[in-house]
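# Structural features, examined
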Amino acid sequence: MIRRLLPALALLPVLASCAKEDDFDVSGGLNVVRSTCPAVAIPAYTGDISLFSPEQSTDARALDVTATITDLRTSCDQTGDIVHTKVTFDVVARRASPHGARDLVLPYFATVMRGGTTIMSKQQSQVLIHFADGQIRATGTAGAGADVQKSLATLPEVAQQRLRRKRKATDADASIDPLADPKIKAAINQANFELLIGFQLTQNQLAYNATR
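Notes on the structure in this doc start here. Just so you know, these numbers come straight off a predicted model, no measurement behind them. (Residues numbered from 1 in each chain as written. Predicted model: local features only at pLDDT ≥ 70, side-chain atom pairs only at ≥ 80, totals over all residues. Heavy atoms only, no water.)

A few words now on the overall build of the protein. Counting secondary structure elements, the protein contains 3 helices and 8 strands. When the helices and strands of the protein are listed from N to C terminus, the series reads β-β-β-β-β-β-β-α-α-β-α. Looking at the protein residue by residue over its 212 residues, the buried ones come to 39%. Nonlocal contacts in the protein, meaning residues at least 24 apart in sequence, comprise 68% of its contacts between residues at least 6 apart. Carbon and sulfur atoms provide 53% of the accessible area of the protein, an area that totals close to 12100 Å². (Helix = DSSP H or I, 4+ residues; strand = E, 2+ residues; numbered from the N terminus. Buried < 20%, exposed > 50% of the residue type's maximum accessible area, 1.4 Å probe, protein only. Contact = heavy atoms within 4.5 Å. Areas by Shrake-Rupley, 256 points an atom, 1.4 Å probe, with all protein chains shown as cover.)

Let us now look at the pattern of salt bridges. The tally for this structure, following the rule as stated, stands at 5 salt bridges. With a closest N to O distance of 3.5 Å, Asp48 and Arg212 form a salt bridge. Highlighted residues: Asp48 in strand S2 (residues 48-52) and Arg212 in the segment after helix H3 (203-211), separated in sequence by 164 residues. Classification of Arg212 as exposed rests on a relative accessible area of 57%. Among the salt bridges present, the one from Asp59 reaches Arg61, with a minimum N-O distance of 2.9 Å. Overlapping salt bridges bring together Asp71, Arg73 and Asp90 as one network. (Salt bridge = Lys/Arg side-chain N within 4 Å of Asp/Glu carboxyl O.)

On to the side chain of Arg114. Considering the arrangement of structural elements, one finds Arg114 in strand S5 (residues 102-114). Lacking a salt bridge, the buried Arg114 has Glu194 as its closest oppositely charged neighbour, with an N-O distance of 10 Å. Within the structure, Arg114 has its side chain in polar contact with the backbone oxygen of Gln190 (distance 2.7 Å). Residues within four places of Arg114 in sequence aside, it is in contact with Met120, Leu152, Gln190, Asn192 and Phe193. (Lys, Arg positive; Asp, Glu negative; His and termini not counted. Polar contact = N/O pair within 3.5 Å; in protein donor to acceptor, adjacent residues only side chain to side chain.)

Glancing now at the nonpolar core. Judged by nonpolar contacts, the single largest core of 29 residues is most densely connected at Phe89, Val91, Leu106, Ile129, Leu195 and Phe199. Of all the secondary structure elements, the ones that give two or more residues to this core are strand S3 (63-77), strand S4 (82-95), S5, strand S6 (118-131), strand S7 (137-149) and strand S8 (193-199). In this structure, Phe199 is in contact with Thr46, Gly47, Asp48, Ile49, Ala67, Thr68, Ile69, Val91, Leu106, Pro107, Tyr108 and Phe109, ignoring residues within four places of it in sequence. (Core = buried A, V, L, I, M, F, W, Y, C linked by side-chain atoms within 4.5 Å.)

Structural data, given as structure tokens:
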């Protein structure tokens, strides 16, 4: 599940070039199929938000509203020098009391990460959710986007040649996986981008999600 990634944006690299059974040819070459489009995910503990009344409480009896980010829909255009990615998603909210109409505004972030550790950009926005009188459950729709230079998301030619080079059984390195080379792994890592979507939580809200 994409929502069960590492917390605090410290994500493992997405190895889009990892070998699968059908990625090898009979000559020992590695047919690397990868996209320059960033992976889209929700970091752990940031896909849900809980609001209490009073605000400082974490008692279940004081729970006012809960909301969840769901149904991420992604489109990506990688035909030009800039890779354009757009994401839309739903925020499903539920409130404790159905009485009265209510508008709820929730903050969320969209962060572009490179190599699993480097923040390239971060944007914050808000999603509006409207509860009609008598309504307990409501849904809002929001979106985000990312622009990444294709050259940064493309494996260097040297790395591509190492991965695609056909090897014979008699070659000295025939049994050595090129992905085991630290330089190749580093090149793949640097070419991997992620677009991360989540609620902009307070420290208390994040701690609540991590321990509930």
